[in-house]
Amino acid sequence: MESNDKNTKEKSKYDVSIIRPQLGSGDIRLRGRQMPAAKLKGIRKALLALHTLELMASNIYKFQVTKEPSELNRRLISAMCNEMTHYQDFQTKLLEYGFRPSMFRWAYWIVGFVFGFGSRLLGKKAILKTGIWVETKAVHHYSELLSAVDWDEDTRSVIEKDQADEDGHISTWRSMLQSA
């Protein structure tokens, strides 16, 4: 199922069935050392937001998983792994640019726990609705940051792939909700 997001056509070039795209040591580069401070400020702010929000997303899925051997749990684990990859993507980009993760990211860990465990207690439909709501917010946020910040092509490509993954999660959760 396609999203109404204006970037859907762009995102279709990414295979969202790949949870962890291959990353080689040559893909890691030191970035932004010659950039103007104003440009770096925008990149830092955006990367910090993406990094902390991906921590929250991975925790939501982690705390939604139950012991039941079900297709929902398999998909939640897959989504959690994918979100952990996004978290690593943005931690890597932060460090490439010479930045550090936020000292307050623990707060996003807690929010992820609350949304994840809370929706788990409310049942399957709440889990799916929470996933759709969170991922819809993420796709929108990604679009805003892709438009607002002057990214280098490598970083833009990572962000677009991660956004396509989030759109894929929306499709999965909507499909499962319709079947529930």
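Residues numbered from 1 in each chain as written. Predicted model: local features only at pLDDT ≥ 70, side-chain atom pairs only at ≥ 80, totals over all residues. Heavy atoms only, no water.

A. The overall build of the protein chain, seen in detail. Scanning the protein chain for helices and strands turns up six helices and zero strands. Counting helices and strands in the order they occur from the N terminus, the protein chain gives α-α-α-α-α-α. Oriented by its inertia axes, the alpha-carbon framework of the protein chain measures out at about 50 × 35 × 30 Å. Put simply, 83% of the contacts in the protein chain that link residues at least 6 apart link residues at least 24 apart. Total accessible area on the protein chain stands at roughly 10100 Å², and carbon and sulfur atoms take up 58% of it. (Helix = DSSP H or I, 4+ residues; strand = E, 2+ residues; numbered from the N terminus. Contact = heavy atoms within 4.5 Å. Areas by Shrake-Rupley, 256 points an atom, 1.4 Å probe, with all protein chains shown as cover.)

B. Here's a closer look at the pattern of salt bridges. Within the structure shown, the criterion is met by 10 salt bridges. Across the pair Asp154 and Arg31 runs a salt bridge whose closest N-O atoms are separated by 3.5 Å. In this pair, Asp154 sits in helix α6 (residues 153-179) while Arg31 sits in the loop between α1 (8-11) and α2 (37-64), placing the two residues 123 residues apart along the sequence. Here Asp154 falls in the partly exposed class, since its relative accessible area comes to 36%. Judged by relative accessible area, which is 4%, Arg31 ranks as buried. (Salt bridge = Lys/Arg side-chain N within 4 Å of Asp/Glu carboxyl O. Buried < 20%, exposed > 50% of the residue type's maximum accessible area, 1.4 Å probe, protein only.)

C. Layout of the nonpolar core. With 17 residues, the main nonpolar core has Ile43, Leu47, Trp151 and Ile159 as its most contacted residues. For this core, the secondary structure elements donating two or more residues are α2, α3 (71-96) and α5 (124-148). Ranked by residues supplied to this core, first place goes to α2 with six residues. Filtering out sequence-adjacent residues up to four positions away, Leu47 remains in contact with Phe90, Lys93, Leu94, Tyr97 and Trp151. (Core = buried A, V, L, I, M, F, W, Y, C linked by side-chain atoms within 4.5 Å.)

D. Expanded view of the environment of Asp152. Relative to the elements of secondary structure, Asp152 occurs in the loop between α5 and α6. Taking the C-alpha atoms as reference points, Asp152 and Leu47, separated by 105 residues in sequence, lie 13 Å from one another. With residues near it in sequence (within four places) discarded, Asp152 still touches Arg31 and Tyr97. Looking at Asp152, its side chain comes within polar contact range of the side chain of Thr155, at 2.7 Å. (Polar contact = N/O pair within 3.5 Å; in protein donor to acceptor, adjacent residues only side chain to side chain.)

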